[in-house]
Amino acid sequence: EKSQDCMYLQYCKVCQSYKAPRSHHCRKCNRCVMKMDHHCPWINNCCGYQNHASFTLFLLLAPLGCIHASFIFVMTMYTQLYNRISFGWSSVKIDMSAAKRDPRPIIPFGLSAFAASLFALGLALGTTIAVGMLFIIQMKVILTNKTSIESWIEEKAKDRIQYYQTGETFIFPYDMGSKWKNFKQVFTWSGIPEGDGLDWPVRDGCHQYSLTIEQLKQKADKRVRSVRYRAVEDYSGVCCPVTKGVKTFFTTPCTEEPRIALSKGDLILATRGLKHWMYGEKILDSAADGGVRERGWFPRKCVEKCQYDSEMDQPVDEEKKNR
């Protein structure tokens, strides 16, 4: 509504519009999602403003259902094995062909059924532990009125302030100061979340765009810290390249983030990296490529660091001093 507010907002080059506060662009859904937490492949959708409560209830009910299934599997195997045990003077035998005391069951319980029940029990217990931990993580961020992405932004804000010694203090603006108030921001009796997904209540002393301003600072800091590399080998963009060495093959990043194909001579701005992999953005001709950005992981051995001259170094040093 206010054009001057554009200076506080991030611009999405894919959607060709400004991002609302707490919104992020999802590469899988190919759109900006309000209050995005993450993209979940199991529901083939993003977890965000409209379905955060439903997704959290799913994380609660799935382990409860698995616990119920585990109880059924355990009792089934216990009763069936108990009816097939015969005790001798010197040995204990289990006959899986038929029950000794009970009549023949409706569903025959043989060796294959026992193996399937044992396998299903392991899946049920594994799902209970894995999804239960996700539920605990989600409840922690909900009780502070954050998302998983915003928790990461807050951590990066602390690192940025410590790195530049600015003396400022970043206060997360959407934490209402009460776990119950934060809980009611997501869970309501009607099932419809509070607000419209665009404007959010903030803490006293915080600006409506405090979080987006911090995100813009972090993006500017990323540009300052980024290092220019030049591709010296071709890379097809496969997840686990066989021709780039055994260590590169086995240390591929365990993430859904994409890989970018490289041709010899391409320029890349690297922003972070591992021992054998790096993440960055390919420098493209904005006019020829329509402003499309190519970001992703690539093997470290395919690139070499560009040698800057003093004229190119000077603006970066000046910008760091100003920050």
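You'll find the protein entered in an unreviewed UniProt entry as Palmitoyltransferase, with Apaloderma vittatum given as the organism. Under the Catalytic activity (unreviewed entry) heading, UniProt states for the protein: "L-cysteinyl-[protein] + hexadecanoyl-CoA = S-hexadecanoyl-L-cysteinyl-[protein] + CoA". The UniProt entry for the protein carries this comment under Subcellular location (unreviewed entry): "Membrane".

(A) Examining a nonpolar patch on the surface more closely. Side chains of Phe71, Ile72, Val74, Met75, Tyr78 and Tyr82 sit close together on the surface and give an oily, nonpolar patch of about 620 Å² of accessible area. Mapped onto the elements, Phe71 comes out in helix α1 (residues 52-82).

(B) Structural view of the packing of helix α3 (residues 148-164) against helix α5 (residues 210-225). Between α3 and α5, whose axes approach to 10 Å, the crossing angle comes to 60°. Relative to α5, the element α3 is oriented oblique. Considering only the axes of α3 and α5, their crossing is left-handed. Within the contact between the two elements, α3 uses Glu150, Ile153, Lys156, Ala157, Asp159, Arg160, Tyr163 and Tyr164 and α5 uses Leu211, Glu214, Gln215, Lys217, Gln218, Asp221, Val224 and Arg225. Its residues assigned to classes, the contact of α3 with α5 comprises six nonpolar, two polar and eight charged.

(C) Representation of α5 in the model. An ideal rise of 1.5 Å per residue puts 22 Å on 16 residues; α5 measures up with 23 Å between its terminal C-alpha atoms. Taken as a whole, α5 has its buried residues at Ser210, Leu211, Thr212, Glu214, Gln215, Gln218, Ala220, Asp221 and Val224.

(D) Region of the structure containing the UniProt feature "transmembrane region" (unreviewed entry) in the protein. UniProt feature "transmembrane region" (unreviewed entry): in the numbering of this structure it lies at residues 57-78 and 106-137. End C-alpha to end C-alpha, residues 57-78 measures 32 Å, and it is 100% helix and 0% strand.

Rules used in this analysis
Residues numbered from 1 in each chain as written. Predicted model: local features only at pLDDT ≥ 70, side-chain atom pairs only at ≥ 80, totals over all residues. Heavy atoms only, no water. UniProt positions renumbered as here; feature names shortened; annotations may be inferred. Patch = residues over 30% accessible without salt bridge, like charges linked within 9 Å, V, L, I, M, F, W, Y side chains within 5 Å. Areas by Shrake-Rupley, 256 points an atom, 1.4 Å probe, with all protein chains shown as cover. Salt bridge = Lys/Arg side-chain N within 4 Å of Asp/Glu carboxyl O. Helix = DSSP H or I, 4+ residues; strand = E, 2+ residues; numbered from the N terminus. Axes fitted to C-alpha atoms, helices over the stretch in contact; angles between N-to-C directions. Parallel < 35°, antiparallel > 145°, perpendicular 65-115°, else oblique. Left-handed = near helix turned anticlockwise from the far one by under 90°. Contact = heavy atoms within 4.5 Å. Nonpolar A, V, L, I, M, F, W, Y, C, P; charged D, E, K, R; others polar. Expected span 1.5 Å × (residues − 1). Buried < 20%, exposed > 50% of the residue type's maximum accessible area, 1.4 Å probe, protein only.

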